[in-house]
Structures are given as structure tokens and as C-alpha cells.
Amino acid sequence: MTQTLEIINIAVLAIIITYAFKQPIQRHAAQKKKKQDDEEIQLWENGADIASRDKEYRAFVHDITGLGKDYDPDQWYYKMPESAIKHLNVCFDNDQRKVNAMRRAIELSIEHYTHEMEDDAQCARIIYERTVLNPQQSVPFDIEEYKKYREERIEKEGTFESLEEWRIRMSPENGEEKKEEDSAS
């Protein structure tokens, strides 16, 4: 064999040996990861089972959260019940740093959710008032009319108002005031 072929054979042999030694290590790491994942899932399931049998947890769903009551951010805030904290302790192997971080994250997200629900309720109330209690005919925007108005305005004054200014001026409340001002001039 030539010297080049010997070098290529040695390189291929080194690659094969490296690959053969890494396979069991990778297989073992994958099995270990799967075992850890299964243990973590089991911890969460055990914690959920413990919490679901707790009377305090069941009472929390109906009483402590204030479901069905108006939200007042000055008087109410969410505090996790002891049973839920027990669940977190089981899930995080009593690592208090992780438990407290998760507990606070859950409490804040629920408080944020109540603020969002309050905003949604106000939006729904406004929509209901405008569409059901006091429906009014909507006025479509006539672009051709506005183009004609803009051309007239440019011819007379050399400038024209913006679309928003025109909409405000043409609104029923302001339109009548404008007509009164025009008739007075």
C-alpha cells in the first residue's frame, strides 16, 4: 500500500472506533433522560392526586377565588391555597426556591387574567350598549365625496384638512355646529 492509502485507512479506522464508543454513551444518556422525564411526570401526577383529594383545594375553586364576584384590585388578590403549594412541593422535590418562583408566577398570572377579564367585560358591555340597547345606523365613508371636497378646498385655500379632521367636522354633533357657524357668516 501506498503511504496515502495507509493514512486514509488509519483515519477511517479512528472514525469508526470513535463512533462505536459514542453509541453506548448516547444510548445511555437518552435512557437516563427518558427516565428523568417519566419521574417528573409521575411527580406531577402524584401532586395533582394529592391536591384533588384535599378539601381545602375543592373549597378554593368555589370560595377563595371569588368566582362570580366583581373584581376590585384594591380589595382582592389571589393567594394559592395550601393544597396547591403541597402539590408544587411534591413536583419540585421540596426545592423552596423553585416552589416559591412557580407559586408567585401562578398568582401573578391569575391576577393578570382577572384584569384582562375585567377589560373584556367592559368591552362586551360597550358593544352590547351600542348594538342592542342603542343601535344607530352606521354611515359609510364616501371617498368620492371627500375627493371632490379636497379639490374644492385646494382651489379656494390652497390647503385641505386631513381625513380625520374632515370626519370630525362631518360628524352629526359637530356638523350642526359647523352649519350654524357657516349660516352666521
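Report on the accompanying structure. (Residues numbered from 1 in each chain as written. Predicted model: local features only at pLDDT ≥ 70, side-chain atom pairs only at ≥ 80, totals over all residues. Heavy atoms only, no water.)

### Considerations on the pattern of salt bridges
Turning to step 1, where the next piece is worked out: In the structure shown here, the tally under the stated rule is five salt bridges.
Turning to step 2, where the next piece is worked out: Note that R104 is salt-bridged to E107, the shortest N-O span being 3.1 Å. Of this pair, R104 and E107 both sit in helix α4 (residues 96–133), three residues apart, which is roughly one turn of that helix.
Turning to step 3, where the next piece is worked out: By relative accessible area, which is 4% here, E107 ends up buried.
Turning to step 4, where the next piece is worked out: Taken together, the shared-partner salt bridges in this structure form one network comprising R103, R104 and E107. (Salt bridge = Lys/Arg side-chain N within 4 Å of Asp/Glu carboxyl O. Helix = DSSP H or I, 4+ residues; strand = E, 2+ residues; numbered from the N terminus. Buried < 20%, exposed > 50% of the residue type's maximum accessible area, 1.4 Å probe, protein only.)

### As for α4
Turning to step 1, where the next piece is worked out: For α4, which comprises 38 residues, the first-to-last C-alpha distance of 53 Å matches the rise-based estimate of 56 Å (1.5 Å per residue) to within 8%.
Turning to step 2, where the next piece is worked out: In the core, the buried residues of α4 are packed alongside α3 (82–91). (Expected span 1.5 Å × (residues − 1). Contact = heavy atoms within 4.5 Å.)

### Brief notes about the packing of α3 against α4
Turning to step 1, where the next piece is worked out: Orientation of α3 relative to α4, taken along the N-to-C sense of each, is 135 degrees, at an axis distance of 9 Å. When the interaxial angle is binned, α3 and α4 end up oblique. Where α3 crosses over α4, the two elements pack in a sense that is right-handed. Facing I85, L88 and N89 of α3, the residues of α4 in contact are Q96, V99, M102, R103 and I106. (Axes fitted to C-alpha atoms, helices over the stretch in contact; angles between N-to-C directions. Parallel < 35°, antiparallel > 145°, perpendicular 65-115°, else oblique. Left-handed = near helix turned anticlockwise from the far one by under 90°.)

### Observations regarding the environment of Y149
Turning to step 1, where the next piece is worked out: With respect to the helices and strands, Y149 occurs in helix α5 (residues 143–157).
Turning to step 2, where the next piece is worked out: Between the alpha carbons of Y149 and W166 there is a distance of 9.5 Å; along the sequence they are 17 residues apart.
Turning to step 3, where the next piece is worked out: Excluding anything up to four places from it in sequence, Y149 contacts E161, W166 and R169.

### Looking at the nonpolar core
Turning to step 1, where the next piece is worked out: Within the largest apolar cluster, eight residues are counted, these being Y78, M80, A84, I85, L88, C91, F92 and V99.
Turning to step 2, where the next piece is worked out: By residue number, the principal contributor to this core is α3, which donates four residues. (Core = buried A, V, L, I, M, F, W, Y, C linked by side-chain atoms within 4.5 Å.)

### Points about α3
Turning to step 1, where the next piece is worked out: The element α3 is extensively covered by neighbouring structure, given that seven of its ten residues are classed as buried.
Turning to step 2, where the next piece is worked out: Listed in full, the buried residues belonging to α3 are S83, A84, I85, H87, L88, N89 and C91.
Turning to step 3, where the next piece is worked out: Positive backbone phi, approximately 50 degrees, marks D93, located one or two places after α3.

### So, unusual backbone geometry
Turning to step 1, where the next piece is worked out: Located in the positive-phi region is D93, a residue other than glycine, with phi close to 50 degrees.
Turning to step 2, where the next piece is worked out: A relative accessible area of 57% means that D93 is categorised as exposed.
Turning to step 3, where the next piece is worked out: The residue N94 is not glycine, and still its phi comes out positive at about 60 degrees.
Turning to step 4, where the next piece is worked out: As for its position among the elements, N94 is in the loop between α3 and α4.

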